[in-house]
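The residues making up each chain are set out below.
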Amino acid sequence: MSAKTKPTNLVLKSITGDKDPVRLIEDFIQDLGFDAEECLNIRSAETCRWVVPLNDEVQLELLLENIKQVFGTILYMGVNLTTVPLKDTQNFLIHALETADSLIGVKVSVVGHFLVLSSTANLHDKNISDINYQMTELLQQSAWYQGALTNND
(Lines give C-alpha, C1' and ligand atoms only; values in the text may rest on other atoms or scores of the structure.)
Protein backbone atom coordinates (compact mmCIF):
# COMPACT_ATOMS: atom_id res chain seq x y z
CA MET A 1 0.00 0.00 0.00
CA SER A 2 1.46 3.33 -0.98
CA ALA A 3 1.55 6.38 1.26
CA LYS A 4 -1.25 7.98 -0.78
CA THR A 5 -3.63 5.01 -0.56
CA LYS A 6 -6.03 5.00 2.40
CA PRO A 7 -7.71 1.85 3.65
CA THR A 8 -11.44 1.97 2.87
CA ASN A 9 -12.73 -0.72 5.18
CA LEU A 10 -11.10 0.24 8.46
CA VAL A 11 -13.35 -0.66 11.40
CA LEU A 12 -12.62 0.33 14.99
CA LYS A 13 -13.93 -1.96 17.67
CA SER A 14 -14.46 -1.32 21.34
CA ILE A 15 -13.17 -4.17 23.46
CA THR A 16 -14.90 -4.23 26.82
CA GLY A 17 -13.52 -7.48 28.15
CA ASP A 18 -15.33 -9.64 30.67
CA LYS A 19 -16.92 -6.79 32.63
CA ASP A 20 -20.55 -7.82 32.99
CA PRO A 21 -21.93 -5.49 35.70
CA VAL A 22 -24.80 -7.82 36.57
CA ARG A 23 -22.39 -10.73 37.07
CA LEU A 24 -20.15 -8.50 39.21
CA ILE A 25 -23.03 -7.66 41.56
CA GLU A 26 -24.20 -11.27 41.63
CA ASP A 27 -20.67 -12.36 42.63
CA PHE A 28 -20.59 -9.63 45.29
CA ILE A 29 -23.90 -10.82 46.76
CA GLN A 30 -22.67 -14.41 46.69
CA ASP A 31 -19.48 -13.36 48.52
CA LEU A 32 -21.74 -11.86 51.22
CA GLY A 33 -23.25 -15.34 51.65
CA PHE A 34 -26.57 -14.78 49.86
CA ASP A 35 -28.16 -16.21 46.73
CA ALA A 36 -28.29 -13.42 44.15
CA GLU A 37 -31.30 -14.97 42.38
CA GLU A 38 -33.30 -15.02 45.63
CA CYS A 39 -32.36 -11.40 46.31
CA LEU A 40 -33.22 -10.26 42.78
CA ASN A 41 -36.29 -8.04 42.90
CA ILE A 42 -36.43 -6.41 39.43
CA ARG A 43 -34.69 -7.23 36.18
CA SER A 44 -35.04 -5.44 32.87
CA ALA A 45 -32.74 -4.69 29.94
CA GLU A 46 -31.36 -1.54 31.60
CA THR A 47 -31.99 -2.07 35.33
CA CYS A 48 -31.53 -4.73 38.01
CA ARG A 49 -32.48 -4.41 41.68
CA TRP A 50 -31.52 -6.72 44.53
CA VAL A 51 -32.54 -6.51 48.17
CA VAL A 52 -30.07 -8.26 50.48
CA PRO A 53 -31.25 -8.93 54.06
CA LEU A 54 -27.95 -8.37 55.91
CA ASN A 55 -29.65 -8.97 59.27
CA ASP A 56 -33.07 -8.61 60.93
CA GLU A 57 -32.83 -4.83 60.88
CA VAL A 58 -30.82 -3.94 57.76
CA GLN A 59 -31.73 -4.57 54.14
CA LEU A 60 -29.21 -3.46 51.58
CA GLU A 61 -30.67 -2.34 48.27
CA LEU A 62 -28.43 -2.64 45.20
CA LEU A 63 -29.66 -1.02 42.01
CA LEU A 64 -27.84 -1.15 38.68
CA GLU A 65 -28.88 1.39 36.07
CA ASN A 66 -27.74 1.88 32.47
CA ILE A 67 -26.47 -1.70 32.34
CA LYS A 68 -25.78 -1.63 28.60
CA GLN A 69 -23.61 1.48 28.76
CA VAL A 70 -20.00 0.40 29.23
CA PHE A 71 -18.88 3.64 30.85
CA GLY A 72 -22.26 4.67 32.23
CA THR A 73 -23.39 1.79 34.46
CA ILE A 74 -24.32 3.23 37.85
CA LEU A 75 -24.51 1.29 41.12
CA TYR A 76 -26.90 2.71 43.69
CA MET A 77 -26.57 1.26 47.18
CA GLY A 78 -28.95 2.19 49.98
CA VAL A 79 -30.35 1.26 53.38
CA ASN A 80 -33.57 2.34 55.08
CA LEU A 81 -32.69 4.04 58.35
CA THR A 82 -35.99 4.76 59.99
CA THR A 83 -39.57 5.68 59.37
CA VAL A 84 -40.19 9.41 59.28
CA PRO A 85 -42.52 10.08 62.22
CA LEU A 86 -45.84 11.84 61.63
CA LYS A 87 -45.62 13.53 65.00
CA ASP A 88 -43.06 16.35 65.10
CA THR A 89 -41.99 15.70 61.49
CA GLN A 90 -40.54 19.16 61.00
CA ASN A 91 -38.16 18.94 63.95
CA PHE A 92 -37.17 15.38 63.01
CA LEU A 93 -36.28 16.38 59.45
CA ILE A 94 -34.39 19.48 60.59
CA HIS A 95 -32.31 17.35 62.96
CA ALA A 96 -31.81 14.70 60.23
CA LEU A 97 -30.52 17.29 57.77
CA GLU A 98 -28.28 19.04 60.29
CA THR A 99 -26.77 15.69 61.28
CA ALA A 100 -26.34 14.67 57.61
CA ASP A 101 -23.84 17.50 57.20
CA SER A 102 -21.25 15.24 58.88
CA LEU A 103 -21.66 12.38 56.40
CA ILE A 104 -18.95 11.70 53.81
CA GLY A 105 -19.68 10.18 50.40
CA VAL A 106 -23.29 9.27 51.19
CA LYS A 107 -26.55 11.15 51.10
CA VAL A 108 -29.78 11.22 53.05
CA SER A 109 -33.15 11.13 51.29
CA VAL A 110 -36.78 10.70 52.16
CA VAL A 111 -38.22 7.90 50.04
CA GLY A 112 -41.87 7.24 50.73
CA HIS A 113 -42.10 7.29 54.50
CA PHE A 114 -38.49 6.16 55.07
CA LEU A 115 -35.32 8.10 55.76
CA VAL A 116 -32.73 6.46 53.48
CA LEU A 117 -28.94 6.61 53.44
CA SER A 118 -27.40 5.88 50.05
CA SER A 119 -24.38 6.19 47.80
CA THR A 120 -23.85 5.93 44.07
CA ALA A 121 -20.83 5.05 42.00
CA ASN A 122 -19.96 4.51 38.37
CA LEU A 123 -19.25 0.81 38.03
CA HIS A 124 -16.66 1.14 35.24
CA ASP A 125 -13.33 -0.44 36.28
CA LYS A 126 -14.72 -1.48 39.68
CA ASN A 127 -14.22 -4.86 41.29
CA ILE A 128 -15.75 -6.68 44.25
CA SER A 129 -13.29 -5.03 46.67
CA ASP A 130 -14.42 -1.58 45.50
CA ILE A 131 -18.08 -2.50 45.96
CA ASN A 132 -17.34 -3.96 49.37
CA TYR A 133 -15.60 -0.71 50.36
CA GLN A 134 -18.65 1.27 49.22
CA MET A 135 -20.93 -0.98 51.28
CA THR A 136 -18.69 -0.81 54.36
CA GLU A 137 -18.55 2.98 54.16
CA LEU A 138 -22.34 3.12 53.82
CA LEU A 139 -23.03 0.72 56.71
CA GLN A 140 -20.52 2.33 59.09
CA GLN A 141 -21.97 5.77 58.48
CA SER A 142 -25.48 4.33 58.73
CA ALA A 143 -24.74 3.03 62.23
CA TRP A 144 -23.22 6.37 63.27
CA TYR A 145 -26.07 8.36 61.72
CA GLN A 146 -28.78 6.28 63.38
CA GLY A 147 -27.06 6.76 66.74
CA ALA A 148 -26.81 10.52 66.15
CA LEU A 149 -30.52 10.66 65.26
CA THR A 150 -31.58 8.85 68.41
CA ASN A 151 -29.39 11.11 70.57
CA ASN A 152 -31.40 14.17 69.61
CA ASP A 153 -30.57 16.50 72.49
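Report on the accompanying structure. Only a predicted model underlies this, so the values are computations on that prediction, with no experimental measurement involved.

1. With respect to the pattern of salt bridges
Considering all chains together, one arrives at three salt bridges under this definition. Of the charged contacts in the structure, one is a salt bridge between Asp-27 and Arg-23, with a shortest N-O distance of 3.1 Å. Of this pair, Asp-27 and Arg-23 both sit in helix α1 (residues 21-31), four residues apart, which is roughly one turn of the helix.

2. Structural notes on the nonpolar core
Taken as a class, soluble globular proteins show a tendency for nonpolar side chains to be buried jointly. Membership of the largest hydrophobic core comes to 33 residues, with the highest contact counts inside it found for Ile-25, Ile-29, Trp-50, Leu-62, Leu-64, Leu-115 and Tyr-145. Among the secondary structure elements, those contributing two or more residues to this core are α1, α2 (36-39), β2 (47-53), β3 (59-65), β4 (74-83), α3 (89-100), β6 (114-122) and α4 (128-150).

3. A few points about the sheet that holds β4
Across the sheet, six strands lie side by side as β1-β2-β3-β4-β6-β5; this open sheet has antiparallel pairing. The open sheet has two edge strands with one neighbour each: β1 (40-43) and β5 (107-111). Averaged over all pairs of adjacent strands, the angle between their axes in this sheet comes to 25°, without regard to strand direction. Pairing geometry for β5 and β6, over five bridges, is antiparallel. Bridge assignment links Lys-107 to a residue of β6, and that residue is Ser-118.

4. Section: the layout of surface pockets
Empty space within the second largest pocket amounts to approximately 160 Å³. Looking at the second largest pocket, the residues that line it are Arg-49, Val-51, Glu-57, Gln-59, Glu-61, Tyr-76, Gly-78, Val-79, Asn-80, Val-111 and Val-116. When contributions to the lining of the second largest pocket are tallied by element, the ones reaching two or more residues are β2, β3 and β4. Take the lining of the second largest pocket: its biggest share by element is four residues, from β4. For the lining of the second largest pocket, the per-class residue count stands at five nonpolar, three polar and three charged.

5. Structural notes on the side chain of Glu-61
Summarising the element assignment, Glu-61 is placed in strand β3. A polar contact is formed between the side chain of Glu-61 and the side chain of Arg-49, at a distance of 2.8 Å. Those residues in contact with Glu-61 that sit more than four places away from it in its chain are Arg-49, Trp-50, Tyr-76, Met-77 and Gly-78.

6. A word on the packing of α1 against α4
A pair of packed helices is captured by two measures, namely the crossing angle of their axes and the spacing between those axes. In the contact formed by α1 and α4, the axes pass within 10 Å of each other and the chain directions differ by 65°. Regarding α1 and α4, the two cross each other, and that crossing is right-handed. Contact residues: α1 offers Leu-24, Ile-25, Asp-27, Phe-28 and Asp-31, while α4 offers Ile-128, Ile-131, Asn-132 and Met-135.

Procedures and definitions
- Residues numbered from 1 in each chain as written.
- Predicted model: local features only at pLDDT ≥ 70, side-chain atom pairs only at ≥ 80, totals over all residues.
- Heavy atoms only, no water.
- Salt bridge = Lys/Arg side-chain N within 4 Å of Asp/Glu carboxyl O.
- Helix = DSSP H or I, 4+ residues; strand = E, 2+ residues; numbered from the N terminus.
- Core = buried A, V, L, I, M, F, W, Y, C linked by side-chain atoms within 4.5 Å.
- Buried < 20%, exposed > 50% of the residue type's maximum accessible area, 1.4 Å probe, protein only.
- Pairing = 2+ DSSP bridges.
- Axes fitted to C-alpha atoms, helices over the stretch in contact; angles between N-to-C directions.
- 1 Å grid on protein atoms, 1.4 Å probe; cavity = no way out; pocket = protein on both sides within 12 Å on 5 of 7 lines; lining within 4 Å.
- Points joined across faces, edges and corners; volume = space filled by probe spheres on them.
- Nonpolar A, V, L, I, M, F, W, Y, C, P; charged D, E, K, R; others polar.
- Polar contact = N/O pair within 3.5 Å; in protein donor to acceptor, adjacent residues only side chain to side chain.
- Contact = heavy atoms within 4.5 Å.
- Left-handed = near helix turned anticlockwise from the far one by under 90°.

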